[in-house]
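Observations on the model geometry
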Amino acid sequence: MMFINEECINCSACVDECDSDAIYNAGEEYELNGETKEALSEDYSFIVPEKCNDCKNCVEVCAVDAIEEK
Ligand code: SF4
Ligand code: SF4
């Protein structure tokens, strides 16, 4: 699964890049199965695991290598 670490500078490049709508800005609510959920991080952009298909397109656009697989 893909994870955004504390190197993130909240530039939003990956948020725009993700075709699966799996990445959100820090503190942003998201929708899953019709339900509104609280942000998974208040400090950094975050990836919703249930929405991510591991395409890794986001990794390419991150200038600070903050997106890793774990
Ligand atoms: S790996 Fe692909 S689907 Fe997952 S968050 Fe990155 S761009 Fe989105
Ligand atoms: S993970 Fe990288 S591309 Fe995404 S918001 Fe953070 S710094 Fe920008």
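Residues numbered from 1 in each chain as written. Chains lettered and ligands numbered in written order. Predicted model: local features only at pLDDT ≥ 70, side-chain atom pairs only at ≥ 80, totals over all residues.

1. A short note on the overall build of the protein chain
- What the protein chain contains, in helices and strands, is two helices and six strands.
- Along the protein chain, helices and strands appear, N-terminal first, in the series β-α-β-β-β-β-α-β.
- Along the first, second and third principal axes, the C-alpha set of the protein chain runs to 30 × 25 × 20 Å.
- Every one of the 70 residues in the protein chain was classed for burial, and the buried ones make up 19%.
- Considering only contacts within the protein chain whose residues lie at least 6 apart along the sequence, 61% involve residues at least 24 apart. (Helix = DSSP H or I, 4+ residues; strand = E, 2+ residues; numbered from the N terminus. Buried ≥ 20, exposed ≤ 12 C-beta atoms within 10 Å, placed from the backbone. Contact = placed C-beta atoms within 7 Å.)

2. Describing the site of ligand 1
- Taken together, 14 residues lie near ligand 1, and Cys-18, Ser-20, Cys-52, Cys-55 and Cys-58 sit nearest.
- The class makeup of the residues in the shell around ligand 1 is eight nonpolar, three polar and three charged. (Near = placed C-beta within 6 Å. Nonpolar A, V, L, I, M, F, W, Y, C, P; charged D, E, K, R; others polar.)

3. Description of the site of ligand 2
- Of all residues adjacent to ligand 2, which total 14 residues, the nearest are Cys-8, Cys-11, Cys-14, Ser-45 and Cys-62.
- Within the shell around ligand 2, the residues separate by chemical class into eleven nonpolar, three polar and no charged.

4. What to know about the nonpolar core
- Core analysis: the biggest nonpolar cluster contains twelve residues, these being Met-2, Ile-4, Cys-14, Cys-18, Ala-22, Ile-23, Tyr-24, Phe-46, Ile-47, Cys-58, Ala-66 and Ile-67.
- Contributing elements (two or more residues each) for this core: strand E1 (2-4), strand E2 (23-24) and strand E5 (46-47).
- Look past the residues within four positions of Ile-23 in its chain and what remains in contact with it is Cys-14, Val-15, Cys-18, Ser-45, Ile-47 and Cys-58. (Core = buried A, V, L, I, M, F, W, Y, C linked by C-beta atoms within 7 Å.)

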